[in-house]
Amino acid sequence: MEKAFIEEKERLKNVINFINNKIEETIDKFEHQQNFKIGFSEGKKGTQFIRQSLMSLYAIEIKSIKSIVDNPYFGKID
């Protein structure tokens, strides 16, 4: 019984570390888009709309991932 508890505790630790790494990775992607400079020719192509869409998706993903940190048994990461 104790072995199963230790294994589950280790697995939970790994899952929480994975979630935290995913949060950091997504925040980095968001900040990259936020700090990305768009030139005039890129602006004419509508790049700013794509960038805004990506930032919105990253913000939603960050919020979703943060919500499962406290309940890793009930969260799902795609």
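**Regarding the confidence of the model for the chain**
(1) Moving on: Looking at the chain, pLDDT values average 81 and 81% of them are 70 or higher.
(2) Moving on: The secondary-structure element of the chain with the lowest mean pLDDT is helix α2 (residues 40–44), recorded at 63, while helix α1 (residues 2–35) shows the highest, at 88.

**What to know about α1**
(1) Moving on: Taking 1.5 Å of rise per residue, the 34 residues of α1 would be expected to cover 50 Å, and the 49 Å separating its terminal C-alpha atoms lies within 8% of that figure.
(2) Moving on: For α1, the full list of buried residues reads I19, K22, I23, T26 and Q33.
(3) Moving on: Among the structural elements, α3 (47–69) are those in contact with the buried residues of α1.

**Re α3**
The α-helix advances 3.6 residues per turn, and as a result positions three or four apart in sequence lie on the same side.
(1) Moving on: In this model, α3 (23 residues) spans 33 Å end to end at C-alpha, consistent with the 33 Å of a helix rising 1.5 Å per residue.
(2) Moving on: For α3, the complete set of buried residues consists of R51, M55, Y58, I62, I65 and I68.
(3) Moving on: Looking at the packing, one finds that the buried side of α3 touches α1.

**Concerning the packing of α1 against α3**
(1) Moving on: Orientation of α1 relative to α3, taken along the N-to-C sense of each, is 160°, at an axis distance of 9 Å. Taken together, the axes of α1 and α3 lie roughly antiparallel to each other. Handedness of the crossing formed by α1 with α3: left-handed. Touching I19, N20, K22, I23, T26, I27, K29, F30, Q33 and Q34 of α1 are R51, L54, M55, Y58, A59, E61, I62, I65, K66, I68 and V69, all from α3.
(2) Moving on: Partitioned by chemical class, the residues of the contact of α1 with α3 number 12 nonpolar, 4 polar and 5 charged.

**Some details on the environment of I62**
(1) Moving on: Relative to the assigned elements, I62 resides in helix α3.
(2) Moving on: Linking I62 and I23, residues 39 residues apart in sequence, is a C-alpha distance of 5.9 Å.
(3) Moving on: Among residues more than four places away in sequence, those in contact with I62 are T26, I27 and F30.

What counts, and at which threshold
Residues numbered from 1 in each chain as written. Predicted model: local features only at pLDDT ≥ 70, side-chain atom pairs only at ≥ 80, totals over all residues. Heavy atoms only, no water. pLDDT = per-residue confidence, 0-100. Helix = DSSP H or I, 4+ residues; strand = E, 2+ residues; numbered from the N terminus. Expected span 1.5 Å × (residues − 1). Buried < 20%, exposed > 50% of the residue type's maximum accessible area, 1.4 Å probe, protein only. Contact = heavy atoms within 4.5 Å. Axes fitted to C-alpha atoms, helices over the stretch in contact; angles between N-to-C directions. Parallel < 35°, antiparallel > 145°, perpendicular 65-115°, else oblique. Left-handed = near helix turned anticlockwise from the far one by under 90°. Nonpolar A, V, L, I, M, F, W, Y, C, P; charged D, E, K, R; others polar.

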